[in-house]
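# Analysis of the macromolecular model
For reference, the chains in residue letters:
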Amino acid sequence: MMKAQILILLLLFTTSLKAAVSIIPIPQKCVERKGNFIVNEKTTIVIPENDKDIRDAISVWNDLFTTAAGFPLEITTLKQKTNFIQCSLNASLEEETYKLKVSTKDIRIEAKTAKGIFYAFQTLRQLLPPAIEGNVRVENIEWNIPCVTIEDKPSFSYRGMMLDVSRHFIEKEDIKRYIDLLAFHKMNVFHWHLTDDQGWRIEIKKYPKLTSIGGYRNKTIVGYMWDNPTEWDTKRYGGFYTQEDIKEVVAYAQKRFVNIIPEIEMPGHSLSALAAYPEYSCTGGPFEVEGRWGVFNDIYCTKEETFKFLQDVLDEVIALFPSEYIHLGGDEAPRIRWRNCVHCQKRMEQEHLTKEAELQTYFINRIENYLNEKGKKIIGWDEILEGGIPQRATVMSWRGEKGGIHAAKAGYDVIMSPNIYMYLNNHQLGVNDKIGIKKRLISLKKVYDYHPVPAELDKKAALHVKGVQANLWTEYLDTAEEFDYSLYPRMAAVAEVAWSLVENKSYDNFCIRLMDIEKHYDAFGLSYCKMIYDK
Ligand code: ACM
Ligand code: ZN
């Protein structure tokens, strides 16, 4: 019998043993009890004070509930006798911790801040019937929540997902839907890859050509980049977010406690900017917004004018994003143009640099200094280590774990995002999978079994691993259905890697809980990969 069929049989068998409570990521402590709390028109939500953050944290859930149930729950500061959801603040708890006690009479939530309260309500969302996710009123349903006592907090403070909107553009409303799903899984970082060779996607008022020219390409390759011969689709393709769009998305994410880290790629992956402003390249161009995938030789020149341009761009970026971190990319920047450029060679001489790799470090350090002065910190892909570690950067380890291990041992903060586990653009089911690059299989189990702290780090170095991130590159994905299929349910596995205790993790148990969580995906209308049922 095939492995997948055995798994289905096992799952069908174990369904009869199924727990009443299916929460992903699995909480640190969860005790189930008999009985249910039933939410009805008379249920009130009691808050400790009339605090806007707490009201906001509750309103995301209350709005969802109101749509599905047809009535909102009243929020009050007045003490109730019974049938209430009480939120209390407890300063002794950690920032993201929540305690949740559901009994047949009432629900009690404790947290340090609104953020913990928000997570408690996301847990309640998963415990309610899946119909809570729908956008129509549901009749004849009992809104019951099983009795549980939960104490929960995340293992890692950075629980991220990256979306590449340059290779294929993702509409604002789809980004908001995705942020809601991040929150559903208690993920807290959205890394927004906004610029690359194939399209510049963020309006910059001082440099309008970045979007009017850099936001559109005239042709795109069809099929894999390594196919021979190359075929082209000659439709003009592109799009961008206005600053108003960005503000709307940032506010939406803030309400869901998701921090958005914008990525403005430099010095490589910058052809869309150079197509608009070729004067910031080494050769002067001309260039086109790229229609192929891969790594390209024309990158930003290290002349003074380029830094002025990038600082202006970053001024507008930091005004839009409250994030403490800005991602500078830094990956896959060939140095051949720098080697043959009088400006770059002069810069190396002035700065006493002997290798072009050190010029990359100079580049990143310079931008880092600028951003530090503005109160921001930087993150870069692990290539930023190559010419010597930049001063204070956080390193995102993507070429396996090597870069992350090196940086953590040297005392730098690290986000683990190794391409062999965390690149969700790879196929997940096997060679017959219709979506995803066939070069590497990244199954749900492979994602689930990843642990972001490598065994070779000692205790002190391990503390520098701040968390984990999965990435969705979109060269070979275009429609909302393809994005959904690639993201879910693997996002659920990432969430459990990032949030749950290793000793609480079990893939078999995760699959059982996932069967219930997928009912929420169904009600939400997600085109997720139905690997467990359909094989
Ligand atoms: C990357 O995948 N080039 C970070
Ligand atoms: Zn140059």
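Here is a short report on the structure shown in this document. Every chain's residues receive numbers from 1 upward, in the order its sequence appears when written. Throughout, the order in which chains and ligands are written sets their labels, letters from A for the former and numbers from 1 for the latter. Since the coordinates come from a predicted model, pLDDT governs what is reported: local features require at least 70, and pairs of side-chain atoms require 80 or more to be given and counted, while whole-chain, interface and lining totals use all residues. Hydrogens and water molecules were not included; the side-chain quantities draw on all heavy atoms of the structure.

### Observations regarding the coordination of the zinc ion (ligand 2)
- With water omitted from the atoms examined, metal sites may look incomplete; donors here are N, O and S atoms no farther than 2.8 Å from the metal, or 3.2 Å in the case of Na, K and Ca. Each protein donor to the zinc ion (ligand 2) is listed here as Cys282 (SG), Cys301 (SG), Cys341 (SG) and Cys344 (SG); together their distances run 2.2 to 2.4 Å.
- In these descriptions, tetrahedral denotes four donors with every angle between 85 and 135 degrees, square planar four donors and octahedral six donors with opposite donors over 155 degrees apart and the rest between 65 and 115, and irregular any other case. Here the zinc ion (ligand 2) is ringed by four donor atoms whose angles at the metal span 107 to 112 degrees, and the overall shape comes out tetrahedral.
- Each donor residue of the zinc ion (ligand 2) belongs to the same chain, and together they define the spacing C-x18-C-x39-C-x2-C. Taken together, the residues Cys282 in the loop between helix H7 (271–276) and helix H8 (304–320) and Cys341 in the loop between helix H9 (336–339) and helix H10 (342–350) connect sequence positions 59 residues apart. Of the two residues, Cys282 and Cys341, neither departs from the other in class, the shared state being buried. Numbering of helices and strands starts at the N terminus; helices are DSSP runs of H or I of at least 4 residues and strands are runs of E of at least 2. Whether a residue is buried, partly exposed or exposed follows from its accessible area with a 1.4 Å probe, protein chains only, as a fraction of its type maximum: under 20%, in between, or over 50%, in that order.

### Remarks on the environment of Ser22
- In this structure, Ser22 sits in the loop between helix H1 (3–15) and strand E1 (29–39).
- The spatial distance from the C-alpha of Ser22 to the C-alpha of Ser270 is 44 Å, given a sequence separation of 248 residues.
- Beyond its immediate sequence surroundings of up to four residues, Ser22 is in contact with Gln126, Arg513, Asp516 and Ile517.
- Distance and chemistry together define a polar contact, namely a pair of N or O atoms within 3.5 Å, with one atom able to donate a hydrogen and the other to accept it when in protein, and with adjacent residues in sequence counting only for side-chain atoms on both sides. Among the polar contacts made by the side chain of Ser22, one reaches the side chain of Asp516 at a distance of 2.6 Å. By definition, residues are in contact when any of their heavy atoms lie within 4.5 Å.

### Considering the sheet that holds strand E2 (residues 44–46)
- Strands are treated as partners if at least two bridges between them are detected by DSSP. The mixed open sheet is built from seven strands, whose spatial order is E1-E7-E5-E6-E4-E2-E3. The strands lining the two open edges of the sheet, one partner per strand, are E1 and strand E3 (74–76). Each strand axis lies, on average, 20 degrees off the axis of its neighbour in the sheet, ignoring direction.
- Pairing of strand E5 (residues 98–102) with strand E6 (residues 106–111), which is carried by five bridges, proceeds in the antiparallel orientation. Following the sheet pairing, Lys99 is matched in E6 by Glu110.
- Whenever a helix is involved, its axis is fitted only over the stretch in contact; in every case the axis is a line through C-alpha atoms, and angles between N-to-C directions fall within 0 to 180 degrees. Running over the sheet, helix H3 (residues 114–127) touches E2, strand E4 (84–89), E5, E6 and strand E7 (143–152) and is turned about 40 degrees from E5.

### Comments concerning the state of the cysteines
- Count a disulfide wherever a pair of cysteine sulfur atoms falls within 2.5 Å. Per the stated rule, a full pass over the model turns up zero disulfides.
- Cysteine Cys511 remains unbridged, with the sulfur of Cys529 as its closest cysteine sulfur at 12 Å.
- Cys529 gets classed as buried once you look at its relative accessible area, which sits at 1%.

### Considerations on the packing of H3 against helix H4 (residues 172–184)
- Running from N to C, H3 and H4 point in directions that differ by 95 degrees, and their axes come no closer than 9 Å. Classed by the angle they form, the pair H3 and H4 counts as roughly perpendicular. Contacts between H3 and H4 involve Phe118, Gln122, Arg125 and Gln126 on the former and, on the latter, Asp180, Ala183 and Phe184.
- Considered class by class, the residues forming the contact of H3 with H4 number three nonpolar, two polar and two charged. Here the word oblique covers every angle except those under 35 degrees (roughly parallel), over 145 (roughly antiparallel) and from 65 to 115 (roughly perpendicular). Note on residue categories: nonpolar means Ala, Val, Leu, Ile, Met, Phe, Trp, Tyr, Cys or Pro, charged means Asp, Glu, Lys or Arg, and polar means any other residue, Gly included.

### Quick notes on the pattern of salt bridges
- A carboxyl oxygen of Asp or Glu within 4 Å of a side-chain nitrogen of Lys or Arg is what we treat as a salt bridge. Summed over the entire model, instances satisfying the criterion amount to 36 salt bridges.
- A salt bridge links Arg337 to Asp298; the nearest nitrogen and oxygen atoms lie 2.7 Å apart. Of this pair, Arg337 sits in helix H9 while Asp298 sits in the loop between H7 and H8, placing them 39 residues apart in sequence.
- Judged by relative accessible area, which is 24%, Arg337 ranks as partly exposed.
- Overall, the relative accessible area of 14% leaves Asp298 in the buried class.
- The shortest N-O distance in the salt bridge between Lys308 and Asp312 comes to 3.0 Å. Placement of the pair is Lys308 and Asp312 together in helix H8, with a separation of four residues, close to one helical turn.

Purely geometric numbers; function is a separate question.
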